[in-house]
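# Chain and residue survey
One-letter residues, chain by chain:
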Amino acid sequence: MAWLLVVVAGFLETGFAVCLKLSHGFTRLWPTIAFAAFALGSFGLLTLALRKLDVGPAYAVWTGIGAAGTAIYGMIFLGDVVSTLKIVSITLVIAGVIGLQLSGSAH
């Protein structure tokens, strides 16, 4: 269950990163509110998961999901440049996240 919290928190991290861009420096109300909601949810779930998981693998999985998710979202919806190297790199991040999740142990 703790790993599920980390995964959901990672997706929420993607949400807060995207909303941070869309807020244009916190000058747009709704993206700013969404940023705050996603950030609170993400950090809150990560905090709960860390009660049971080692911090290193959990944090790495959280940031990996957030980074890969944000990059993918940007390429699909925000017009970010798509390149072979970027796709290979995202694939490696996801492979690393899976490896870290498999190596993480509950207390």
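In case you missed it, the structure is sitting above this.
Structure report, in brief. (Residues numbered from 1 in each chain as written. Predicted model: local features only at pLDDT ≥ 70, side-chain atom pairs only at ≥ 80, totals over all residues. Heavy atoms only, no water.)

Two elements in contact, helix α1 (residues 2-22) and helix α3 (residues 55-77), have axes separated by 8 Å at closest approach and are oriented at 40°. Regarding the angle of α1 to α3, the classification is oblique. Taken as a pair, α1 and α3 cross one another with a handedness that is right-handed. Contacts between α1 and α3 pair Trp3, Val6, Val7, Ala9, Gly10, Phe11, Glu13, Thr14, Phe16, Ala17 and Val18 from the former with Pro57, Ala58, Val61, Trp62, Thr63, Ile65, Gly66, Gly69, Thr70 and Tyr73 from the latter. Taken together, the residues of the contact of α1 with α3 sort by class into 14 nonpolar, six polar and one charged. (Axes fitted to C-alpha atoms, helices over the stretch in contact; angles between N-to-C directions. Helix = DSSP H or I, 4+ residues; strand = E, 2+ residues; numbered from the N terminus. Parallel < 35°, antiparallel > 145°, perpendicular 65-115°, else oblique. Left-handed = near helix turned anticlockwise from the far one by under 90°. Contact = heavy atoms within 4.5 Å. Nonpolar A, V, L, I, M, F, W, Y, C, P; charged D, E, K, R; others polar.)

Attention shifts here to the side chain of Glu13. Within the secondary structure, Glu13 sits in helix α1. No salt bridge is formed by the buried Glu13, whose closest oppositely charged neighbour, Lys86, lies at an N-O distance of 16 Å. The contacts of Glu13, once residues within four sequence positions are left out, are Ser42, Trp62, Thr63, Gly66 and Thr70. (Buried < 20%, exposed > 50% of the residue type's maximum accessible area, 1.4 Å probe, protein only. Lys, Arg positive; Asp, Glu negative; His and termini not counted. Salt bridge = Lys/Arg side-chain N within 4 Å of Asp/Glu carboxyl O.)

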